[in-house]
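Tertiary structure, described
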Amino acid sequence: MVKICCIGAGYVGGPTMAVIALKCPSVQVAVVDISVPRINAWNSDQLPIYEPGLDAVVKQCRGKNLFFSTDVEKHVAEADIVFVSVNTPTKTRGLGAGKAADLTYWESAARMIADVSKSDKIVVEKSTVPVKTAEAIEKILTHNSKGIKYQILSNPEFLAEGTAIDDLLSPDRVLIGGRETPDGQKAIQALKNVYAQWVPEDRILTTNLWSAELSKLAANAFLAQRISSVNAMSALCEATGADVTQVSYAVGKDSRIGPKFLNASVGFGGSCFQKDILNLVYICECNGLPEVAEYWKQVIKINDYQKNRFVNRLVASMFNTVSNKKIAILGFAFKKDTGDTRETPAIDVCKGLLGDKARLSIYDPQVTEDQIQRDLTMKQFDWDHPLHLQPMSPTTVKQVTVVWDAYEATKDAHGLCILTEWDEFKTLDYKRIYDNMQKPAFVFDGRNIVNVDELREIGFIVYSIGKPLDAWLKDMPAVA
Ligand SMILES: NC(=O)c1ccc[n+]([C@@H]2O[C@H](COP(=O)([O-])OP(=O)(O)OC[C@H]3O[C@@H](n4cnc5c(N)ncnc54)[C@H](O)[C@@H]3O)[C@@H](O)[C@H]2O)c1
Ligand SMILES: O=c1ccn([C@@H]2O[C@H](COP(=O)(O)OP(=O)(O)O[C@H]3O[C@H](CO)[C@@H](O)[C@H](O)[C@H]3O)[C@@H](O)[C@H]2O)c(=O)[nH]1
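What comes next is a walk through the structure. The shown structure was predicted, so the numbers you read here are calculated from the model rather than taken from an experiment. (Residues numbered from 1 in each chain as written. Chains lettered and ligands numbered in written order. Predicted model: local features only at pLDDT ≥ 70, side-chain atom pairs only at ≥ 80, totals over all residues. Heavy atoms only, no water.)

Another point: the pattern of salt bridges. A full pass over the atoms with the stated rule returns 25 salt bridges. A salt bridge links Glu238 to Arg313; the shortest N-O distance between them is 3.0 Å. A residue pair is termed long-range when its members are at least 10 positions apart, and Glu238 in helix H9 (residues 209-240) and Arg313 in helix H12 (residues 290-317) qualify at 75 residues. An identical accessibility class is assigned to Glu238 and Arg313; each is buried. Asp348 serves as the salt-bridge partner of Lys307, at 3.1 Å between the closest nitrogen and oxygen. One end of the pair, Lys307, is in helix H12; the other, Asp348, is in helix H13 (residues 345-355), and 41 residues separate them in sequence. Assessed through its relative accessible area of 4%, Lys307 is described here as buried. A relative accessible area of 33% places Asp348 in the partly exposed class. What you see here is one network of salt bridges that share partners, running through Lys99, Glu285, Glu294, Lys297 and Lys301. (Salt bridge = Lys/Arg side-chain N within 4 Å of Asp/Glu carboxyl O. Helix = DSSP H or I, 4+ residues; strand = E, 2+ residues; numbered from the N terminus. Buried < 20%, exposed > 50% of the residue type's maximum accessible area, 1.4 Å probe, protein only.)

Turning our attention to the site of ligand 1. Around ligand 1 sit 26 residues in total, of which Asp33, Arg38, Thr88, Glu161 and Lys275 are the nearest. Interatomic distance of 3.4 Å between a backbone N/O atom of Ile34 and a nitrogen atom of ligand 1. Computed on the free molecule, ligand 1 has an accessible area of 820 Å², of which 95% lies beneath the protein chains in the complex. Residues of the shell around ligand 1, tallied by class, amount to nine nonpolar, ten polar and seven charged. (Near = heavy atom within 4 Å. Polar contact = N/O pair within 3.5 Å; in protein donor to acceptor, adjacent residues only side chain to side chain. Areas by Shrake-Rupley, 256 points an atom, 1.4 Å probe, with all protein chains shown as cover. Nonpolar A, V, L, I, M, F, W, Y, C, P; charged D, E, K, R; others polar.)

Attention now moves to the site of ligand 2. Every one of the 21 residues lining ligand 2 counts as a neighbour, but Phe158, Leu159, Ser265, Cys272 and Arg447 are closest to it. One of the backbone nitrogen or oxygen atoms of Leu262 is found 3.4 Å away from an oxygen atom of ligand 2. Isolated, ligand 2 exposes 690 Å² of accessible area, and the fraction of that covered by the protein chains is 91%. Of all the elements in the fold, those that place two or more residues in the shell around ligand 2 are H9 and helix H11 (273-286). A breakdown of the residues in the shell around ligand 2 according to their chemical character gives eleven nonpolar, four polar and six charged.

As a further point, take helix H5 (residues 104-116). In this model, H5 (13 residues) spans 18 Å end to end at C-alpha, consistent with the 18 Å of a helix rising 1.5 Å per residue. Within H5, burial applies to Tyr105, Trp106, Ala109, Ala110, Met112, Ile113, Ala114 and Val116. Of the surrounding secondary structure, the elements contacted by the buried residues of H5 are strand E1 (3-7), helix H4 (72-78), strand E4 (81-84), strand E5 (121-125), helix H6 (133-143) and strand E6 (150-154). (Expected span 1.5 Å × (residues − 1). Contact = heavy atoms within 4.5 Å.)

Now for the pairing of E4. The alternating pattern of E4 places Ile81 and Phe83 on one face and Val82 and Val84 on the opposite face, and all of these are buried. Bridge count for E1 against E4 is four bridges, and the pairing is parallel. Residue pairing across strands places Ile4 opposite Ile81, the latter belonging to E4. Examined bridge by bridge, E4 and E5 share four bridges and lie parallel to one another. Along E5, the bridge assignment pairs Val82 with Val123. (Pairing = 2+ DSSP bridges.)

This brings us to the packing of aromatic side chains. One pass over the full model with this rule turns up 14 aromatic pairs. Taken together, a centroid distance of 6.0 Å and an interplanar angle of 70° make the contact between Tyr363 and Phe425 edge-to-face. Note that Tyr363 is positioned in strand E10 (residues 359-363) and Phe425 in the loop between strand E12 (415-418) and helix H16 (430-435), a separation of 62 residues in sequence. Among the residues examined, Tyr363 registers a relative accessible area of 7% and is labelled buried. (Phe/Tyr/Trp six-rings, centres within 6.5 Å; stacked < 30°, edge-to-face > 60°.)

The next thing to look at is the sheet that holds strand E9 (residues 326-330). Read across the sheet, six strands follow the order E11-E10-E9-E12-E13-E14 without closing on themselves; strand pairing throughout is parallel. Only two strands of the sheet have a single partner each, and these edge strands are strand E11 (400-402) and strand E14 (461-464). Between one strand and the next, the sheet's axes are offset by a mean angle of 15°, whatever the strand orientation. The strands touched by H12 within the sheet are E9, E12, strand E13 (442-445) and E14, with E13 carrying the most contacts at an inclination of about 170°. Lying over the sheet, helix H14 (residues 369-377) contacts E10 and E11, oriented at roughly 155° with respect to E11. (Axes fitted to C-alpha atoms, helices over the stretch in contact; angles between N-to-C directions.)

Further remarks concern the pairing of E13. Residue alternation in E13 divides its side chains into two sets, Phe442 and Phe444 and Val443 and Asp445, and both sets are buried. In this fold, the crossover linking E12 to E13 by way of H16 has right-handed handedness. In this sheet, E14 lies alongside E13 in parallel orientation, the contact comprising four bridges. If you follow Phe442 over to E14, its bridge partner there is Ile461. (Right-handed = clockwise from strand over helix to strand, strands pointing away.)

Below you can see the structure in the form of structure tokens.
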């Protein structure tokens, strides 16, 4: 029986291994982590992450061929294939701070593998890493190998949160990079055999190591670039009277461009896009390619611009001040169908409003008060370290209350902001909300989910990203 161990029971390690266990009943899968609460949660009825469909898969396999454990060394020692899916945050100190990937957790995992291994192993990079990381890992493993042979593969993960299970069950592609030696090819084949249990052969791509590592960074950069492109257009739409939804539809009808990933928004968030582009920028700079670095940096600059623009629109339309005004925040997660708040645009928007002394009442169906308070007090990039190594938030933000209902959040509010596209926000009783708000009542839709005409009919002053402006907003500059 093939034994797989995955180091890191997070958003990637947990769902990915659960699907491998589901699709490969003859493979034994152990997911290990240094975080005790995380492993306890994986072994309970309340899984540590919210992901549609995940519960059912875990319930079907857990205790049969899927195990969650803190006994990292035992499971690594027993495994034939070791996936490493640990955090690769942006460095906050020293060389490359603010851009380069921090490989501390990866390196410590590699050293531990070298320490405890007694048999040959295939070590798989599942985390997103800089190009050439496999070379560094190879060096750590071979210099400490005690005669054991290691093959390093790069098998980046392309799942998106909120649709992780569907993405894993029918991926657009699985990418496996390895050495072009006979042993390297054998290792690629071994991993291919696992995926081939459910992924059609023509969707399993094999490349050299560096192409696989770089393809992951490139894919995220391309995706994020689409969003920054449509968001840049949204500013121009507001200035000209064009409607960004109509523009993206027309543009996306070109089969060379395609319709997906063209929704204008308050900005992209999530643990990957910004981190991976910063990493790409750093690699370009280190390779003497400043123009290429500058090109990709713009994707992040437009994203920051979009978040600032949203806050400025809001404050400018409310008579240039939100001091002591109650603003309801609907949605805090970085996208719908997840409780994940890593790099969510809601953090920047809330901080911007708090900077202007607003009082915030926040509702998100999947994010706890504790998480929101931590996010609003944590330093940038601190969120991407294992939970138990994150600094405790020393204070809570007093101007913030967190409630469990959209109607409660909006009661007596001067304005409401939609920052996550949760389906339930589309079907709220906006007449009831309007009746219970201060007047004039404002809606700022950062996800373009409300029916603008209907809300204006009710009496709201509505701002929706990239849509023709409300008469109220027309003479106000986009960035005050
Ligand atoms: N979240 C996503 O959607 C996504 C998708 C594709 C790729 N990725 C990449 O996958 C990697 C993991 O991301 P994630 O979202 O799952 O992160 P995560 O923070 O949810 O999970 C990482 C886990 O690794 C554990 N860990 C860290 N060091 C360890 C060690 N030495 N031994 C054992 N456990 C250790 C942490 O405790 C944590 O539980 C990152 O490189 C990320 O860029 C993430
Ligand atoms: O048209 C769009 C699409 C997305 N977003 C935003 O972009 C962010 C990222 O969304 P998405 O890519 O769907 O979620 P992630 O879970 O961050 O997934 C991305 O990052 C993962 C981690 O590397 C990759 O594996 C995935 O392929 C890649 O889509 C979110 O804030 C979305 O709201 C938009 O604003 N407009």
